[in-house]
Amino acid sequence: MFVIIIKRWLNYSRNFPVNFLLKQTPKPLNYCQILSTKIDGIDSCFYRFFNNINNNKMYDWNNLPRPNVIFVLGGPGAGKGTQCSLISEKFGHVHLSAGDLLRKEQNTFGSKYGELIAEHIKNGTIVPVEITCKLLMNAMLENMIALAKQANENEQKSIAVGNFLIDGFPRNQDNLDGWRKFVGDKVNVELVLVLECPEQIYLERCLKRGQHSGRADDNPESMKKRLDTHLNQTMPIVNYYEKLNLVKRIDASHDLIEIVPTFRYDRQLNLITGDFGPFRPSVPVKVPMWLAINLHRQNKCSIISPTWINDLPKLQDAQAQEMNRLLPPPNEHWRETLKLLEQEFGRSIQCSELIERREAILKKSVHELFREAYDKNQMFIGDVTLDNATSAELILVKEMIAKGFKRLQELRRNVLLASNRKHY
Ligand SMILES: Nc1ncnc2c1ncn2[C@@H]1O[C@H](COP(=O)(O)OP(=O)(O)OP(=O)(O)O)[C@@H](O)[C@H]1O
Ligand SMILES: Nc1ccn([C@H]2C[C@H](O)[C@@H](COP(=O)(O)O)O2)c(=O)n1
């Protein structure tokens, strides 16, 4: 009797999972299987997606719809992560941060790449692409498979196309070469968003973030190296994509301005540039300039002048002593902000002397640059950097620079014509 009971029980428990599954899944069983998620070189990255266990049809990356990718680049602290979160919230893109994936891998118990990644992050250098690309491909494929599974479960005819925001990649030539080799045409690179700020802002944001982020690279020494890597290794990649007409540059330095509301709104305003509020009478709150202007026009707030305005008299004195070069501006948008403060909020800040002096220095520098080229019959001038000029200031000399280059081109043409005439 006892033996029979044991036999029946064994039979029952052996069959139980199958019975259970059959009851739970009236449709053919669908499942996906990631055979290897280890990052031991791209070739061992081996995924199978079975859509039906009975015919064992096998899908790999190439059988899934070709996903769209937007690369998001910019200096350290430009706000790549912040903006990607906002975009993905609003438009549903999947946000993959190369830096976050590397940090996660670094902290994975037993990862043989942990130490190597940590070293690169601390030094602001770039981790070999085999590692980063594999992590990105794994994360993308996981999402693509999830979409395929969803389509299967909902009995949809087609699988939705994945839309990815890849933040912080490709950061150098090795990243780009690896991406082309391992991913290449498997995805459609739609756009490269480049968030730009003055160096001072990158530094300020990361050092401020460093007070609570716990990141090993939000400190002055690492920042120096990260900025150097950004300028010398990442910017050439931006130039490469610019030639393919894929780059969209965005000014990411937008300052917030502090207002004192005269109204109450206990919720937050969720805008593409961030969440602002709540708004309470007499409690200062930071908002974008356009919102401050709007509220002020409706008599709903007063404004607190930005603190850098207090540094202007000191800068004016220092710039009066320095006639040959521009000193660092107090803020990337200092001139535009002063104008708005005067026009919209009736705050007049006396610094016309500083504005005129900076313009004079800028014009003199451009003039001298071209005069030297003409005087020496120099046909080419290399890269020109006008240190410490803000975008608004550069616009003032845009025409002068364009004319200067045009004259140089004429000079070059005349020299070439003259040398051709000598030949005949
Ligand atoms: N527009 C902005 N104005 C002011 N602060 C900002 C702005 N955008 C981001 N920040 C702040 O700057 C810091 C860096 O932002 P974020 O982490 O998004 O930059 P990131 O480009 O992803 O940086 P990293 O490349 O170092 O990871 C954060 O503390 C964030 O809150
Ligand atoms: N493609 C990448 C992206 C990031 N890293 C490393 C080196 C960076 O300084 C660090 C932090 O990245 P962030 O959070 O600033 O995007 O991660 C890399 O080696 N390769």
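Residues numbered from 1 in each chain as written. Chains lettered and ligands numbered in written order. Predicted model: local features only at pLDDT ≥ 70, side-chain atom pairs only at ≥ 80, totals over all residues. Heavy atoms only, no water.

## A closer look at the site of ligand 2
Near ligand 2 lie 16 residues; those nearest to it are Arg103, Val127, Gly168, Arg171 and Asn175. In this structure, an oxygen atom belonging to ligand 2 sits 3.0 Å away from a side-chain N or O atom of Arg103. Between ligand 2 and Arg226 there is a distance of 3.4 Å, counted from an oxygen atom to a side-chain nitrogen or oxygen. For ligand 2, whose unbound accessible area comes to 440 Å², protein coverage reaches 96%. With 4 residues, the single largest contributor to the shell around ligand 2 is helix H3 (residues 98–106). (Near = heavy atom within 4 Å. Polar contact = N/O pair within 3.5 Å; in protein donor to acceptor, adjacent residues only side chain to side chain. Areas by Shrake-Rupley, 256 points an atom, 1.4 Å probe, with all protein chains shown as cover. Helix = DSSP H or I, 4+ residues; strand = E, 2+ residues; numbered from the N terminus.)

## Remarks on the sheet that holds strand S9 (residues 256–261)
Ordered by their spatial adjacency, 3 strands build an open sheet running S12-S9-S13, and the pairing between neighbours is antiparallel. Every interior strand has two partners, whereas the edge strands, strand S12 (285–288) and strand S13 (301–304), have only one. Looking at each pair of strands side by side, their axes are set apart by 50 degrees on average, direction ignored. Against the sheet, helix H9 (residues 289–297) touches S9, S12 and S13, its axis set at about 105 degrees to S12. (Pairing = 2+ DSSP bridges. Axes fitted to C-alpha atoms, helices over the stretch in contact; angles between N-to-C directions. Contact = heavy atoms within 4.5 Å.)

## Examining the packing of helix H7 (residues 199–213) against helix H8 (residues 220–243)
Closest axis-to-axis distance for the H7/H8 pair is 11 Å, and the angle between their directions is 140 degrees. Taken together, the axes of H7 and H8 lie oblique to each other. Where H7 crosses over H8, the two elements pack in a sense that is right-handed. Between H7, through Glu199, Tyr202, Leu203, Cys206, Leu207 and Arg209, and H8, the contact on the second element is made entirely by Pro220, Met223, Arg226, Leu227 and His230. Residue composition of the contact of H7 with H8, grouped by class: 7 nonpolar, 1 polar and 3 charged. (Parallel < 35°, antiparallel > 145°, perpendicular 65-115°, else oblique. Left-handed = near helix turned anticlockwise from the far one by under 90°. Nonpolar A, V, L, I, M, F, W, Y, C, P; charged D, E, K, R; others polar.)

## Considerations on the confidence of the model for the protein chain
Detailed reading of predicted coordinates is not advised where the pLDDT is low. Mean pLDDT for the protein chain: 83, with 84% of residues reaching 70 or above. Per-residue pLDDT stays below 50 along residues 1–59; that stretch engages in 68 contacts with residues further than four places along the chain or on separate chains. We note a pTM of 0.65 for the whole complex and an ipTM of 0.98 for its interfaces. (pLDDT = per-residue confidence, 0-100.)

## Quick look at unusual backbone geometry
A cis amide bond links Phe169 with the next residue in sequence, Pro170, at an omega value of -5 degrees. Along the chain, the position of Pro170 falls in the loop between strand S6 (163–167) and helix H6 (173–182). Residue Gly277 is joined to Pro278 through a cis peptide bond whose omega torsion reads 0 degrees. By the element assignment, Pro278 lies in the loop between strand S11 (274–276) and S12.

## Examining the pattern of salt bridges
Going through the model one piece at a time under the given rule, you end up with 16 salt bridges. In this structure, Arg249 and Glu242 form a salt bridge, with 2.9 Å as the shortest nitrogen-oxygen distance. Note on Arg249: relative accessible area 37%, which makes it partly exposed. Taking the relative accessible area as the measure of exposure, Glu242 reaches 33% and is therefore partly exposed. A salt bridge links Glu353 to Arg357; its shortest N-O distance comes to 3.6 Å. With Glu353 and Arg357 both in helix H12 (residues 352–375) and 4 residues apart, the pair spans about one turn of that helix. According to the relative accessible area criterion, Glu353 is partly exposed, its value standing at 45%. (Salt bridge = Lys/Arg side-chain N within 4 Å of Asp/Glu carboxyl O. Buried < 20%, exposed > 50% of the residue type's maximum accessible area, 1.4 Å probe, protein only.)

## Remarks on the site of ligand 1
Lining the immediate surroundings of ligand 1 are 13 residues, of which Lys80, Gly81, Thr82, Arg209 and Arg226 lie closest. In the environment of ligand 1, an oxygen atom lies 3.0 Å from a nitrogen or oxygen atom belonging to the backbone of Gly79. Burial of ligand 1 by the protein chains amounts to 72% of its free accessible area of 630 Å². Element by element, the count of residues in the shell around ligand 1 is highest for helix H2 (residues 80–91), at 3 residues. Split by residue class, the shell around ligand 1 holds 2 nonpolar, 6 polar and 5 charged.

## Remarks on the nonpolar core
The tendency in soluble globular proteins is for nonpolar side chains to be buried as a group. Formed by 41 residues in total, the largest nonpolar core has its most connected members in Phe71, Met140, Ile166, Phe169, Trp179, Val192 and Tyr241. When residues of this core are assigned to their parent elements, the largest contribution, 12 residues, is made by helix H5 (residues 129–153). Discounting chain neighbours no more than four positions away, the residues touching Tyr241 are Phe71, Pro170, Leu176, Val192, Leu246 and Val247. Formed by 25 residues, the second largest nonpolar core is a distinct cluster that contains Phe276, Ile293, Trp334 and Leu341. (Core = buried A, V, L, I, M, F, W, Y, C linked by side-chain atoms within 4.5 Å.)

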